[in-house]
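Observations on chain architecture
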Amino acid sequence: MKDYKEFIDITLSDLKDNPKYAKDLEEYKYNLKNEMCNRELELRERGLSDYNVIKDLIISENLDARHNFLSFQHNKNQRRIEKIRMIFKFILAIAYFCAIGIWYFLDSFYNDDWAHSWLIIAGGITVFIIMLFLMPNKLQYKGRRFFSLTVALEVSGILAAIYTFLVLNIVFKIEHAAVIIPAILTLTSLSIAIIPAMKKMKMYIVYTLIGIILASTFIYIALSYLHLVPWQIGWLIIIAGIIVDLVILLIYIAKKEKAPEVDFNAEE
């Protein structure tokens, strides 16, 4: 055990006087010494009995102790930062919903309009969910999305469409307010078709084809609902979308076939 402690002290000697590392260094040294001792017991149980052989083997396995400590501290700092971020986000969320609640009660009592004021709560929840889905990756938990950007756009579009319809229909009494649903879903479908292609995401061609056919379907529903196009022939818009899909797919296949093949056996 003494040899392990000496090895750890020597390996990490250049870090012990740095106040930036002082807080985590002792914890790491203590954990590393215990790991090395446990490793010795494991090797003895496997049949090794020569202490010098065991010591040299264990030390050779931990020659990267300095690098491992720096990684250990970095990961620990990241966990601290993530914890602070989560607390900050939680406080912001509480403050946000408190503000929505205050707005709801003030509007309800002041205008005596309880029949419509619930839309404030619904709108607050809708905006909050959309923000969660569309936040940049760096603001997501551990810097990564739980759902793909495509799913986030789809859900956000659907929620925005439904809430906008409720406001237009209940508050403003617009006759054809329902058309807002296919209209917003059309824009959402187009974004699903365009954004993955612009970012050259994996399998972007699938998103593009699906987005176009969905957009053409929602355009058909919107135009026919407004009686701008007869329902009986409006379905040709969907056929047009399928034709556009076929053209895009053929162009994609042609580009793939023309892509130069790399000869890994060619001499440099």
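Structure: see above.
These notes cover the structure that comes with them. (Residues numbered from 1 in each chain as written. Predicted model: local features only at pLDDT ≥ 70, side-chain atom pairs only at ≥ 80, totals over all residues. Heavy atoms only, no water.)

1. Details of the nonpolar core
Applied cut-off: In plain words, nonpolar cores are sets of buried Ala, Val, Leu, Ile, Met, Phe, Trp, Tyr and Cys residues tied together by side-chain atoms within 4.5 Å. Whether a residue is buried, partly exposed or exposed follows from its accessible area with a 1.4 Å probe, protein chains only, as a fraction of its type maximum: under 20%, in between, or over 50%, in that order. For helices the rule is a DSSP run of H or I covering at least 4 residues; for strands it is a run of E covering at least 2, with both sets numbered from the N terminus onward. It only takes one pair of heavy atoms within 4.5 Å for two residues to be counted as in contact.
Ranked by internal contacts, the top residues of the largest apolar core, which has 17 residues, are L12, M36 and F69. The greatest single-element share of this core, amounting to seven residues, is contributed by helix α2 (residues 19–45). Ignoring any residue separated from it by four or fewer positions in sequence, one finds L12 in contact with L25, Y28, K29, A65, R66 and F69.

2. Some thoughts on the packing of aromatic side chains
For clarity, the cut-off: Pairing of aromatic side chains requires ring centres within 6.5 Å, counting the rings of Phe and Tyr and the six-membered ring of Trp. Pairs whose planes differ by under 30 degrees are stacked, by over 60 edge-to-face, and all others tilted.
Using the criterion set out here, one finds 12 aromatic pairs in the structure. Between Y96 and F128 the ring centres are 5.9 Å apart and the planes differ by 25°, which places this aromatic pair in the stacked class. In this pair, Y96 is assigned in helix α4 (residues 65–111) and F128 in helix α5 (residues 114–134), connecting sequence segments 32 residues apart. For F128, a relative accessible area of 21% gives the class partly exposed.

3. A look at the pattern of salt bridges
Test applied: Salt bridge, as used here, is a side-chain nitrogen of Lys or Arg placed within 4 Å of a carboxyl oxygen of Asp or Glu.
If you walk through the whole model with that rule in mind, you get 10 salt bridges. In this structure, E42 and R39 form a salt bridge, with 3.1 Å as the shortest nitrogen-oxygen distance. Residue E42 and its partner R39 are located together in helix α2, separated by three residues, close to a single helical turn. On the basis of relative accessible area, E42 is assigned to the partly exposed category, the value being 31%. Across the pair E42 and R46 runs a salt bridge, and its minimum N-O distance is 2.9 Å.

4. Section: unusual backbone geometry
With a phi close to 50°, D112 is a non-glycine residue in the positive phi region. With respect to the element layout, D112 can be found in the loop between α4 and α5. Classification of D112 as exposed rests on a relative accessible area of 60%. In this structure, K173 is a non-glycine residue whose phi angle is positive, near 55°. For K173, the location among the structural elements is in the loop between α6 (149–171) and α7 (180–198).

5. Here we look at the environment of I174
Mapped onto the fold, I174 is located in the loop between α6 and α7. Relative accessible area serves as the criterion here: at 39%, I174 is assigned to the partly exposed category.

6. Comments concerning α2
Condition: By definition here, a helix of n residues has an expected span of 1.5 Å times n minus one. Take the seven residues that end at a residue and the seven that start at it, fit an axis to each, and the angle between those axes is the bend at that residue.
The first and last C-alpha atoms of α2 sit 40 Å apart over 27 residues, in line with the 39 Å expected at 1.5 Å per residue. Roughly 40° is the biggest bend found in α2, and it falls at L25. Of the positions making up α2, those classed as buried are Y21, D24, L25, Y28, K29, L32, M36, C37, E40 and L43. G47 sits one or two positions beyond α2 and adopts a positive phi of about 120°.

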